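Structural features, examined
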Amino acid sequence: MITLHDVTKRYPDGTVAVGNLSLEMPSGEITVLLGSSGCGKTTTLRMINRLIEPTSGRIDLDGKDVGAVPVHELRRGIGYVIQQSGLFPHRTVAENIGVVPKLLGWDRKRQRARALELIELVGLDQNMADRFPSQLSGGQQQRVGVARALAADPPVLLMDEPFGAVDPVRRGALQHEFKRLQRDLGKTVVFVTHDVDEAVLLGDRIAIMEQGGVVAQFGPPEALLAQPASDFVAEFIGGTRGIKLLSLRPAHAVPYVELGAGGMQGWTVRTDDGGRPAAWVRPGAPDVPVEAVRPDGTLRDLLDSAIASPARAAVRVDEQGVLLGAVPFDTLEDHLPQPARTTAEA
C-alpha cells in the first residue's frame, strides 16, 4: 500500500505542482494517475521514490515513511520505467537488465539467468540478449525497460508514460502484454498517463488530476465512466464514455446461440479442419473475414465483430479458437451500458 498524506510540492518561485494530496494506492493493483500536462502526476510519481522531495506531507510505503528510508535502500524495492526506455546504449540487453542485480552483488551467472528469464517474460526472444539497444525497435526497447525494472523483483513499479513514445500498433501490444504480466506478477503499480483509453484498459483504480495536483475523482474505471463526479471529469473523459465502458464489460456475460445449417440472414460461418471460423459465406456473395471473440474478450470486441459481420452478429469462440456460436446484434444491444448524465450533459 502506498499512502500519500497531505503531500505538497511547492517550488521556490511559488508554483504549487501538487497541493495537499491525500491518496491510497492499494497493494497488488495498478493505480493510474491520469491528467493533462502540468497537473502534477509525474511530480507525484517522482516523490514516491524521492527523485523529487515533497515540501510537506508524508508518503508511506507499507506503513513506513519513505522519507525516513535511505534513498538507495528505498529504490532497491522500486522499479522505475520512463517514456524513453533509458537504456544504456553501449550495454547489451542482458547487461541493461542486469544493472540493479549487479549493484546488489549478484554473480554473473545469476545476472544472466535472470536477464534471460525476463526477456522471455516480456515477450521477446532470448536471442536478443546480446543485442544493443540500437538494434531493437522502439517497442522492443520499452519491453527491455520493463524487464530492467523487474530485474530485482521489486514489489513496487513506477511507470511514467512508458508507452507514450511508441507507435499506436506496438503501443496496444505493449499495453496488453503488460496487463498479462500484471496478472501473473501482482505488483503494486503507479502508472502515469494522459491517455484515457490506456488508463481504462490498465487501471484497477484511476485518479483524475486537475492542475495543482488536485484529485477530481478517484475510483475504479467503470465508476468514473458511468458516474463522473463533475463536469470537469466528464469533459476530460470525453463524449464516448459508453464506448469506453464496453471495454470493461466481459463478452462471456452475453449469451450466444449456435449457428444452425441456415446460419443467420442467409450467412453461415465456414470453419477449418480444427473447427476455427474462417469466413462468413453465402451463395453468390464474396466471403467476409470473421472477427472472432474469445472468452476473455469484451463487449467492445463483440460490438466490433457484429459491425464487421454481414449477418449483424458477433462470432464467439472458445479458448482454443473453436467456434461456439454467434451473438445477434439485437441481443448485444440489450447489454450495452447507458452511462449516467452529468450536469454538463443535462
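Report follows, based on the coordinates. Counting restarts for each chain, with residues numbered from 1 along the sequence as it is written. Local features in this predicted model are restricted to residues of pLDDT 70 or higher, and side-chain atom pairs are both shown and tallied only at a pLDDT of 80 or more, whereas totals for entire chains, interfaces and linings draw on every residue. Side-chain descriptors were evaluated using all non-hydrogen atoms of the structure, hydrogens and water having been removed beforehand.

As a further point, take the nonpolar core. Residues belong to one nonpolar core when they are buried, are Ala, Val, Leu, Ile, Met, Phe, Trp, Tyr or Cys, and are joined through side-chain atoms within 4.5 Å. Burial classes follow relative accessibility: with a 1.4 Å probe on protein chains only, a residue under 20% of its type's maximum area counts as buried, one over 50% as exposed, and anything between as partly exposed. Grouped together as the largest cluster of nonpolar side chains are 43 residues, with contacts concentrated most on I97, L157, M159, F178, F191 and I206. Think of it this way: any DSSP run of H or I at least four residues long counts as a helix, any run of E at least two long counts as a strand, and we number them from the N terminus. Among the elements that make up this core, the one with the highest residue count is helix α6 (residues 138-150) (5 residues). When neighbours within four sequence positions are excluded, I206 is seen to be in contact with V32, L34, A199, V200, Q217, F218, G219, P221 and L224. Note on contacts: a residue pair is in contact if any heavy atoms of the two residues lie within 4.5 Å.

Salt bridges, as used here, are contacts in which a Lys or Arg side-chain nitrogen is within 4 Å of a carboxyl oxygen on Asp or Glu. Considering all chains together, one arrives at 13 salt bridges under this definition. Among the ionic pairs, R300 bridges to D304, the shortest N-O distance being 3.8 Å. Of the two residues, R300 and D304 are both situated in helix α12 (residues 299-308); the distance of 4 residues between them amounts to about one turn of the helix. In this structure D304 comes out as partly exposed when scored by relative accessible area, which is 33%. When salt bridges that share partners are traced, they join E177, R180 and D184 into one network.

Time to look at empty space enclosed by the protein. Points on a 1 Å grid over protein atoms alone make up a cavity when a 1.4 Å probe fits among them but cannot get out, and a pocket when they form an open set with protein on both sides within 12 Å along at least five of seven lines; lining residues each have an atom within 4 Å of a point. Grid points are joined across faces, edges and corners, and a volume is the space filled by probe spheres set on the points. Under the definition given, this model contains 2 cavities of 30 Å³ or more. Its volume calculated, the largest cavity comes out at about 60 Å³. Taken together, V122, Q142, R143, V146, F163, L174, E177, F178 and L181 form the lining of the largest cavity. Only α6 and α7 (168-185) provide two or more residues apiece to the lining of the largest cavity. Partitioning the lining of the largest cavity into residue classes produces 6 nonpolar, 1 polar and 2 charged. Within this model, the second largest cavity holds a volume of roughly 40 Å³. Together, L34, V196, V200, I206, I208, P221, L224, L225 and I237 line the second largest cavity. Lys, Arg, Asp and Glu make up the charged group, whereas Ala, Val, Leu, Ile, Met, Phe, Trp, Tyr, Cys and Pro make up the nonpolar group; the residues left over, Gly among them, are polar.

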